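Structural overview
Residues per chain, in single letters:
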Amino acid sequence: MEQVNVALLGFGTVGQGTFELLVKNNELIANRTGIAIKVTKIFVRNIDKYSHITLPEGTHFTNDVAEIFDDASIQVIVEVMGGLTFARECIEKALNAKKSVVTANKDLLAEAGPYLLDLAVKNGVDLRYEASVLGGIPIIRTLYESLGGNKITEVVGILNGTTNFILSNMTEKGAGYAEVLAEAQKLGYAEADPTADVEGLDAARKLAILSSIAFNRRIFFEDVSVEGITKIDATDIAFGKEFGYTIKLLGIAKETKKGLSLNVHPSFISSNHPLASVRGSYNALYVKGNGIDDAMFYGRGAGSLPTGSSVVSDIMEIAKNIHTNNLGQLKPFYYFEKNLYASGKIESSYYIRILVDNSTGVLAKVASKLAEQRISVQAVTQRNENETTSTLAIVTSSCPRSYISNVINAFNNLRVVREVGSVIPIMTD
């Protein structure tokens, strides 16, 4: 049986999950591909750290990455180290050495994915990255191949398990953000420094990668407008429930006649929407195309074995391409113009929470400022906090974000308004 030799760069959570599946399922993989896939070398910076691990015969650790690039028997390099500079150097060296690459590195792909894909084609090898977005959910190849005949008009998803865990627990327990974040860190769902997750950066990188494929553009992380969940309050979630909404951190990419909009932000959605039922650390993606109409993909978005599963599937595809002499065929086709649509022009309904004086005529003054900006009110709830202050929760009609920015400025200049608490878009379709 033909053998394809693989090297791993990195042996952390994803690297170990990948290796475990390749060893545990080696007979099954060989049966399905007709090829024996063998990891022969694993690059780690500190070999002593892994001295307790017994590797199969023919596999060894190395702390010399050049040993891997110089080994002509290695045909596939799997980059699971993460990071930007060194990882990019390694991937470029591998591609230029005519070795195919599998990577789970969403940070790098969001910054330089189209360039690396071009380099792979130039060198006649494959660059695969199923594991870079949504872990074990097979969405990259689905968009690229299974839905390749569709014009995708919308991609909406819960792209980060940490923030979904936090918001789900805030919703179900009525707890505050800081309390649930601490719980997420204790359980291992959130890092000690959770910035990339809670500020929406992780989700934005994933949205950039997905949008590049879905909309045939050279999309990068910098093209995505981002807002995190750190300002979400338990009060907002409670008001949302009264209005029939559930809050999620969503990645939303839409293409209309006006252009392509790319945004990550907390959003209220109808509690009847399929995404509203996605709880805990699970991820989901909702795709709309002119052939399939609506489709939803759901599952574990991270973790050693789920992510490793996607890495292994990419290795198997490359191995089959090596066997059939069909490498370098995953050509990146892009429209030249991005035609990005400014986030301030995007129309949506909005939830606004403000703290006001508890006095006669306040609601009329607030309503007048909304009317000046041509914003009508769909619903409003007033909660008296004490004898002097009240909280107003307002749901507006659909309007451009710029109108909302203007009315917030007007509220801040209104004497009866003590504080503008939260402004959250509402996804209505």
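Bear in mind that the values here come from a model prediction, so they are computed numbers and not experimental data. (Residues numbered from 1 in each chain as written. Predicted model: local features only at pLDDT ≥ 70, side-chain atom pairs only at ≥ 80, totals over all residues. Heavy atoms only, no water.)

Description of the overall build of the protein chain
A count of helical and extended segments in the protein chain gives 14 helices and 17 strands. Expressed along its principal axes, the backbone C-alpha trace of the protein chain runs to roughly 85 × 45 × 35 Å. In the protein chain, which comprises 429 residues, the share counted as buried stands at 54%. Looking at the protein chain alone, contacts between residues at least 24 apart form 73% of all its contacts between residues at least 6 apart. (Helix = DSSP H or I, 4+ residues; strand = E, 2+ residues; numbered from the N terminus. Buried < 20%, exposed > 50% of the residue type's maximum accessible area, 1.4 Å probe, protein only. Contact = heavy atoms within 4.5 Å.)

Here we look at the environment of I408
Checked against the element boundaries, I408 lands in helix α14 (residues 401-412). On a C-alpha basis, the gap between I408 and L370 in space is 9.3 Å, while along the polypeptide they are 38 residues apart.

Structural notes on the UniProt feature "active site" (unreviewed entry) in the protein chain
Sites flagged by UniProt as "active site" (unreviewed entry) map to K206. With respect to the helices, strands and loops of the structure, K206 is situated in helix α10 (residues 201-214). Judged by its relative accessible area of 7%, K206 falls in the buried class. (UniProt positions renumbered as here; feature names shortened; annotations may be inferred.)

Digging into the environment of Y286
Inspection of the secondary structure assignment puts Y286 in strand β11 (residues 282-289). Those residues within four positions of Y286 in sequence are excluded, and the remaining contacts are E154, V155, V156, H273, P274, L275, D294, A295 and M296. Among the polar contacts made by the side chain of Y286, one reaches the side chain of D294 at a distance of 3.2 Å. (Polar contact = N/O pair within 3.5 Å; in protein donor to acceptor, adjacent residues only side chain to side chain.)

Let's talk about the packing of helix α2 (residues 26-33) against helix α12 (residues 304-323)
Viewed as axis vectors pointing N to C, α2 and α12 meet at an angle of 40°, and their least axial separation amounts to 10 Å. With respect to their mutual orientation, α2 and α12 come out oblique. Two packed elements cross with a definite hand, and for α2 against α12 that hand is right-handed. Of the residues in α12, those touching α2 at I29, R32 and T33 are V312, M316 and K320. Grouping the constituent residues of the contact of α2 with α12 by class yields three nonpolar, one polar and two charged. (Axes fitted to C-alpha atoms, helices over the stretch in contact; angles between N-to-C directions. Parallel < 35°, antiparallel > 145°, perpendicular 65-115°, else oblique. Left-handed = near helix turned anticlockwise from the far one by under 90°. Nonpolar A, V, L, I, M, F, W, Y, C, P; charged D, E, K, R; others polar.)

What about the UniProt feature "binding site: L-homoserine" (unreviewed entry) in the protein chain?
Here the UniProt feature "binding site: L-homoserine" (unreviewed entry) sits at E191. Here E191 falls in the exposed class, since its relative accessible area comes to 54%.

Topic: the pairing of strand β14 (residues 377-384)
Examined bridge by bridge, β14 and strand β15 (residues 389-396) share seven bridges and lie antiparallel to one another. Within the sheet, the bridge partner assigned to A379 lies in β15 and is V395. In this antiparallel pair of consecutive strands, β14 and β15, the connection spans four residues. (Pairing = 2+ DSSP bridges.)

As for the layout of surface pockets
The rolling of a water-molecule-sized probe over the atoms marks out the regions of remaining empty space. Space inside the largest pocket adds up to approximately 1,200 Å³. Mapped by element, the contributors of at least two residues to the lining of the largest pocket are α1 (13-24), α5 (106-122), α7 (161-173), α9 (195-198), α10 and α12. Taken together, the residues of the lining of the largest pocket sort by class into 16 nonpolar, 20 polar and 12 charged. Looking at which domains feed residues into the lining of the largest pocket, each of domain 1 (3-136 + 303-324) and domain 2 (141-300) gives three or more. When its volume is computed, the second largest pocket comes out at roughly 600 Å³. Around the second largest pocket sit 29 residues that line it, and N263, H265, I346, E347 and S348 are the ones nearest its centre. (1 Å grid on protein atoms, 1.4 Å probe; cavity = no way out; pocket = protein on both sides within 12 Å on 5 of 7 lines; lining within 4 Å. Points joined across faces, edges and corners; volume = space filled by probe spheres on them. Domains from an automatic or database assignment.)

Brief notes about the nonpolar core
I139 and I166 are the most contacted members of the largest nonpolar core, which has 80 residues in total. The residues contacting I166, other than those within four sequence positions of it, are Y177, V180, L181, A184, V198 and I229. (Core = buried A, V, L, I, M, F, W, Y, C linked by side-chain atoms within 4.5 Å.)

A word on the packing of α5 against α10
A pair of packed helices can be characterised by two numbers: the angle between their axes and the separation between those axes. The geometry of α5 relative to α10 is characterised by a closest axis approach of 9 Å and an angle of 50° between their N-to-C directions. Regarding the angle of α5 to α10, the classification is oblique. Two packed elements cross with a definite hand, and for α5 against α10 that hand is left-handed. Along the contact surface, α5 presents K106, D107, L109 and A110, while α10 presents D202, R205, K206, A208 and I209.

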